Amino acid sequence: MTARQTPDLPTDVALVAAYRNGDQRAATELVGRHAGPVGRFLYASGASPSDVDDLVQDTFFRAFRGLDRWRGEASFRSWLFTIGGNLLRDEFRKRKGCQMLSLDDRDLPDTADPHAELAAAEAERRVRDGVATLPRLQREVFLRRAQQGDDYEEIAAALGTTPGAARVHYHHAVKRLKELLR
Amino acid sequence: MTSCTQLSDRMPDVAHGASRWTETEERHLAACADCRAEWELVTAACRLGAPFRPPADPALMASLVLERLAHERRRARFRVRLWPAAGLAAAAAVILAVWTGVGVRPGGDGARGTAPRVATAPPDAPRAELPLPELDDLPAEALDSILQALDSPGARADTYELPGLGDPGDRELERALTGLEG
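Overview of the overall build of chain A
Move 1: When helices and strands are tallied, chain A shows eight helices and zero strands.
Move 2: The burial tally for chain A puts 41% of its 182 residues in the buried class.
Move 3: Once local pairs closer than 6 in sequence are excluded, the contacts in chain A between residues at least 24 apart make up 63%.

In structure tokens form, the structure reads like this:
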């Protein structure tokens, strides 16, 4: 699921080029387009909810600062995930480990079926706890594939590996998670 | 490739709505507990962090990011400019030290050099005016008499004015000027 842009909207490549030419609205458009998925990715990767906004902002800061390093092999969003993942890893190192917070710490949407919602929330909590135990590469591949819906080509380009290797990492991650959640 | 692996590869796409199960796949899913467990895992991963929404005001986040970038660039430019300035200041300090150091008079008392004397007017001295050589050459008595003549109420203003053009010499001058101007 890499086709994220409709033909009517400017592509990320066009927005990045516009920003490089001084169009700050292009930066706003890129933030609006990708901040949500980046936040979700960081949360799923183990960031505490209270840190997600700051991490997202730091991610964009580093991205805009280092735009010359984005070669376009992977999508702009994948590149943001990589930057965010690196920031999160540095954050974990600083704190000597990840503090997992329960889903009770965040606002859950109102729902007509609170029991189903609670069961889903519990399933999410367990998945998130399990994802946090995965090796970094497996975690990134799993989240990009299952949470973000990226295909293996996209994931491979972002992580500097082959689609086949990315697929193997994904299946390893799934196997481990199924054992953990059993 | 087993049916389970085929299903596993397609799960993220179906969970994200990019694809749909075929009837065969649905039948397999209904019959295979392992695939159902994986399907629950993938759908939970797909929802992970769903309550996080893009920033309500992307323009604000973008402006914060861009302001940080601008601030960092200003600091970097300042650092670049600071080094030559610091070098110049150090060179100036060295020159000043050498200059004051060689200020020891050969026949002096051997003390450290004193700062070179700069001619300064005494505090109560009249403000410096452009020197008029003619007046500078006059003795004090002559200057006093000129001042008295100027201050005297009976002094005629035209005494020090250029004679009018009514003088014959001026008429010649005027003719010469007219001739020059054509």
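Quick notes on the overall build of chain B
Move 1: Secondary structure summary: chain B contains seven helices and zero strands in total.
Move 2: Its helices and strands taken in sequence order, chain B reads α-α-α-α-α-α-α from the N to the C terminus.
Move 3: Burial statistics for chain B: of 182 residues in total, 11% are counted as buried.
Move 4: For chain B, restricting intrachain contacts to residue pairs at least 6 apart in sequence, the fraction spanning at least 24 positions comes to 33%.

A short note on the environment of Arg136(A)
Move 1: Looking at where Arg136(A) falls in the secondary structure, it is placed in helix α6 (residues 136–147).
Move 2: Residues Arg136(A) and Gly85(A), spaced 51 residues apart in sequence, show a C-alpha to C-alpha distance of 9.2 Å.

Side note on the packing of helix α2 (residues 24–44) of chain A against helix α3 (residues 49–65) of chain A
All names here are of chain A.
Move 1: Put simply, α2 and α3 touch, their axes get as near as 9 Å, and they point 135° apart. The angle between the axes of α2 and α3 places the two elements in the oblique class. α2 and α3 meet at a crossing whose hand is right-handed. Across the interface between the two elements, Ala-27, Val-31, Ala-35, Val-38, Gly-39, Leu-42 and Tyr-43 from α2 touch Pro-49, Val-52, Leu-55, Val-56, Thr-59, Phe-60 and Phe-64 from α3.
Move 2: For the contact of α2 with α3, the class distribution of residues is 12 nonpolar, two polar and no charged.

A short note on the interface of chain B and chain A
Move 1: If you look at the interface, chain B gives 31 residues, while chain A gives 36 residues.
Move 2: Of all the secondary-structure elements, those providing two or more residues to the side of chain B that touches chain A are α1 (3–15), α3 (33–47) and α4 (58–101) of chain B.
Move 3: Of the residues contributing to the side of chain B that touches chain A, the split by class is 22 nonpolar, three polar and six charged.

Overview of the environment of Glu38(B)
Residues and elements named next belong to chain B.
Move 1: Along the chain, Glu-38 falls in helix α3.
Move 2: The exposure class of Glu-38 is buried, given the 22 C-beta atoms found within 10 Å.
Move 3: On a C-alpha basis, the gap between Glu-38 and Cys-4 in space is 9.8 Å, while along the polypeptide they are 34 residues apart.

Let's talk about the confidence of the model for chain B
Keep in mind that low pLDDT regions are not for reading the predicted coordinates in detail.
Residues and elements named next belong to chain B.
Move 1: Of the residues in chain B, 54% have a pLDDT of 70 or more, and the chain-wide mean is 72.
Move 2: Averaged pLDDT values over the elements of chain B bottom out at 57 in helix α5 (residues 133–137) and peak at 94 in helix α2 (residues 23–31).
Move 3: Note on residues 157–166: pLDDT is under 50 here. Beyond four places in sequence and across chains, it has three contacts.
Move 4: Both scores are available for the predicted complex, with the pTM at 0.62 and the ipTM at 0.76.

Section: helix α7 (residues 152–159) of chain A
Residue and element names in this part refer to chain A.
Move 1: Extensive coverage of α7 is indicated by the burial of seven of its eight residues.
Move 2: Those residues of α7 that fall on the buried side of the exposure criterion are Tyr-152, Glu-154, Ile-155, Ala-156, Ala-157, Ala-158 and Leu-159.
Move 3: In this fold, the buried residues of α7 make contact with α4 (76–95), α6 and α8 (163–181).
Move 4: Directly beyond the C-terminal end of α7, a positive phi value near 70° is found at Gly-160.

Quick notes on the confidence of the model for chain A
Residue and element names in this part refer to chain A.
Move 1: Confidence in the prediction of chain A, expressed as mean pLDDT, is 84, and 86% of residues score 70 or more.
Move 2: α6 holds the highest mean pLDDT among the elements of chain A, 94, whereas helix α5 (residues 114–132) holds the lowest, 83.
Move 3: Low confidence marks residues 98–110, where pLDDT is under 50. Its contacts with residues over four positions away, or in another chain, come to 21 contacts.

Some thoughts on the environment of Arg89(A)
Residue and element names in this part refer to chain A.
Move 1: For Arg-89, the location among the structural elements is in helix α4.
Move 2: The exposure class of Arg-89 is partly exposed, given the 14 C-beta atoms found within 10 Å.
Move 3: As a C-alpha pair, Arg-89 and Arg-136 span 47 residues in sequence and 9.1 Å in three-dimensional space.

Each value, and the rule that gives it
Residues numbered from 1 in each chain as written. Chains lettered and ligands numbered in written order. Predicted model: local features only at pLDDT ≥ 70, side-chain atom pairs only at ≥ 80, totals over all residues. Helix = DSSP H or I, 4+ residues; strand = E, 2+ residues; numbered from the N terminus. Buried ≥ 20, exposed ≤ 12 C-beta atoms within 10 Å, placed from the backbone. Contact = placed C-beta atoms within 7 Å. Axes fitted to C-alpha atoms, helices over the stretch in contact; angles between N-to-C directions. Parallel < 35°, antiparallel > 145°, perpendicular 65-115°, else oblique. Left-handed = near helix turned anticlockwise from the far one by under 90°. Nonpolar A, V, L, I, M, F, W, Y, C, P; charged D, E, K, R; others polar. pLDDT = per-residue confidence, 0-100.

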